[in-house]
Amino acid sequence: MDAIHSTWSKPRIYSTGGFFIEDFDILTTILSALKWREKNGRIKMVTDSTGLEFYKSRGMCDIWDEITTELDDIPDTVNPEMFWAAGKVFALKNQTAPVAAIDTDFIVWDRLAFDNMGDISVIHKEDIYTDVYPDIYHFNMKQGYIFDPGLDWRENPSNMAFYVIRNEALKNSYTDAAIEFMENSLDGDNLTYMVFAEQRLISMIAKKSNIEINAISTPEKLFKDGERYFTHTWGMKQQMRDMPELRADFCRRCIGRIKRDFPDYSRMTENIAELAKYL
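Quick notes on the rules
- Residues numbered from 1 in each chain as written.
- Predicted model: local features only at pLDDT ≥ 70, side-chain atom pairs only at ≥ 80, totals over all residues.
- Heavy atoms only, no water.
- Pairing = 2+ DSSP bridges.
- Helix = DSSP H or I, 4+ residues; strand = E, 2+ residues; numbered from the N terminus.
- Axes fitted to C-alpha atoms, helices over the stretch in contact; angles between N-to-C directions.
- Buried < 20%, exposed > 50% of the residue type's maximum accessible area, 1.4 Å probe, protein only.
- Right-handed = clockwise from strand over helix to strand, strands pointing away.
- Bend = angle between axes of the 7 residues up to and from the residue.

Draft legend 1. A look at the sheet that holds strand β3 (residues 66–68). One open sheet accounts for seven strands, arranged β3-β2-β1-β4-β7-β6-β8; its pairing is mixed. Every other strand in the sheet has two partners, leaving β3 and β8 (213–215) as the edge strands with one partner each. In this sheet, neighbouring strand axes are inclined to one another by 30° on average, regardless of whether the strands run parallel or antiparallel. Strand direction decides the pairing type here: strand β6 (residues 120–125) and β8, joined by three bridges, are parallel. Bridge pairing links Val122 to Ala215 in β8.

Draft legend 2. The pairing of strand β2 (residues 43–46), seen in detail. Here β2 shows two buried faces, one formed by Ile43 and Met45 and the other by Lys44 and Val46. One ladder, built from four bridges, connects strand β1 (residues 3–6) with β2; its direction is parallel. The residue bridging His5 from the neighbouring strand is Met45, located in β2. Both β2 and β3 contribute to a ladder of three bridges, which runs parallel. Opposite Met45, over in β3, you have Ile67 as the bridge partner. The β-α-β motif built from β2, the intervening helix α3 (residues 49–57) and the parallel element β3 has right-handed crossover chirality.

Draft legend 3. A look at the pairing of β1. In β1, alternate side chains face the same way, and those of Ala3 and His5 on one face and Ile4 and Ser6 on the other are all buried. Sheet analysis places β1 next to strand β4 (residues 99–102), joined by two bridges and oriented parallel. Each bridged residue has a counterpart across the sheet, and for Ala3 the counterpart in β4 is Ala100.

Draft legend 4. Main features of helix α6 (residues 192–208). In α6, a bend of some 45° at Arg200 exceeds every other bend along the element. With its phi angle positive at about 60°, Asn210 sits one or two positions after the end of α6.

See the structure below:
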């Protein structure tokens, strides 16, 4: 199964004035790409010119089968502060189904049974917490924009850290609707608007199209010890920022895993300045 990673530099540049990727994210990116290639197929990085330069300067481009700069074409009508994960939607739009999409902080450790997956499989579904997934009246939209009346706002959102989509028509309907929403949103917060575009619309559109979304795992399984197939570091990142010892231990374990499983890439980690203190 072909897969994509994506990196859009504009949100980080907008918020910090420069582009960087933290050491633990560099390491999960490496493991995520190499493990996918080892177990499941080809993987492409979809990024922009700034992202390409970052990966090239650190000798990382060879971890992917291909790297492109399609995200240079994201229009200015998409606010990078509000829609910090818009690059994932635009990256998917330009692919042909079937395709898997993987966040760079998500690792698939083993081979998956793609033949058993339906039109779309997501890592897990999410509950509708109103502070994260509010109702329709929360959103401040440009004049003339109308939410599709066929959308069911009771449908549980889908976590999109990892998913496999096999239905080309669903892929197109979802990405078109998400982009239209992002381009027509007025000033709003950078949580509820982003997760609506990325994670709630896909469930609503699938429901409207009578397409069942398969949940591969559950939050409980993902975050408890012993989950064999997947690692997602999203919930651990702030802890690593706050706890240097935890961060160092995690980074050293990742470097050790790369050296053990992919010895041909161990020299690459030695040449990445952000990782020098863990060697």
